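Chains, contacts and geometry: an overview
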Amino acid sequence: LSVLSFTLRPSQPLVPPATVVISGLTGTQTFNSDRMFLAGSGAVFGHTATWRQANGTLTLALLPQYWFSSEEVVTVPLMNPGSAQPAVTPTVWAFGAVSIAPTPLSATPVLAAQVPPAFISLSLSERSQVQSFPNTLSLVFECNAPLQPGAIVTVSG
C-alpha cells in the first residue's frame, strides 16, 4: 500500500464549481471508487474523491461553500502495482469557473513497486532437544509488506 500525499496550491483561486484532477497514477491495484476517503487537510473537497483505476485518475470536486486559494494537502491510499513498472509522474489540472492547465507534479515519480514482497527476517527456535520429548517450535518473521487477512504461510522442510 502506498499512501501518497499531494500538496496542492492553485496559481489562481478556484471558485465553485471547480474540479481538480490528478492523473497518471497508473498501475495501482486500487479498485474504482466514487467516494474514496481523503486524509489530510482536503476539507474543501469534503475529504472524498472519485478514483478510476484504468487511467489512474483522482478527481476532487470543490465543495460549493469553499474557494480554493491556499495550500491543501490531500493524502490518498493506493495499492501498489502487482508487478514492477516504471515509476510514474502524475499531472494535476483544474477546470470549472477557472481553469488551470495540466502541470506535471514536481514530486519524485511514484508507484514503481520495484521490490517484490519478501521475508526480511526469519528465525526458528525450539524449546527442547531431548529425544522422545515434546517440543515446541517458534517461528518469528517480518515481511517488507503487511500480510493480508487470510494469507497462508507454509513452512516445510
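For the structure itself, consult the block above.
Residues numbered from 1 in each chain as written. Predicted model: local features only at pLDDT ≥ 70, side-chain atom pairs only at ≥ 80, totals over all residues. Heavy atoms only, no water.

**A short note on a nonpolar patch on the surface**
Spelled out, the test is: Nonpolar side chains (Val, Leu, Ile, Met, Phe, Trp, Tyr) within 5 Å and like charges within 9 Å form the patches, drawn only from residues with over 30% relative accessible area and no salt bridge. Only the protein chains shown count as cover for residues, with accessible areas throughout obtained via the Shrake-Rupley method and a probe of 1.4 Å. The term salt bridge refers to a side-chain nitrogen of Lys or Arg lying within 4 Å of a carboxyl oxygen of Asp or Glu. To qualify as a helix, a DSSP run of H or I must reach at least 4 residues; to qualify as a strand, a run of E must reach at least 2; elements of each kind are numbered from the N terminus.
Together, Phe119, Leu122, Leu124, Leu137, Leu139, Phe141, Leu147, Val153 and Val155 give the surface a local cluster of nonpolar side chains, amounting to about 860 Å² of exposed area. Here Leu137 is to be found in strand E11 (residues 137–143).

**Comments concerning the environment of Gln29**
We count it as follows: Burial status follows relative accessibility: with a 1.4 Å probe on protein chains alone, a residue under 20% of its type maximum counts as buried, one over 50% as exposed, and anything between as partly exposed. Contacts: residue pairs with any heavy atoms within 4.5 Å of one another.
Structurally, the position occupied by Gln29 is in the loop between strand E2 (18–23) and strand E3 (33–37). By relative accessible area, Gln29 is classed as partly exposed at 40%. Separated by 51 residues in the primary sequence, Gln29 and Asn80 have C-alpha atoms spaced 6.2 Å apart. Beyond its immediate stretch of four places on either side in the chain, Gln29 contacts Gln53, Met79, Asn80, Pro81 and Gly82.

**Structural notes on the sheet that holds strand E4 (residues 39–40)**
To keep it simple, the criterion reads: Pairs of strands are assigned from DSSP output, requiring at least two bridges between the strands.
Pairing in this open sheet of three strands is antiparallel, and the strands run E1-E7-E4 from one edge to the other. Every other strand in the sheet has two partners, leaving strand E1 (2–8) and E4 as the edge strands with one partner each. The pairing of E1 with strand E7 (residues 72–78) spans seven bridges and is antiparallel. Across the sheet, residue Ser2 finds its bridge partner in E7, namely Leu78.

Note that every value here comes from positions in space, so none of it alone points to a role or purpose.
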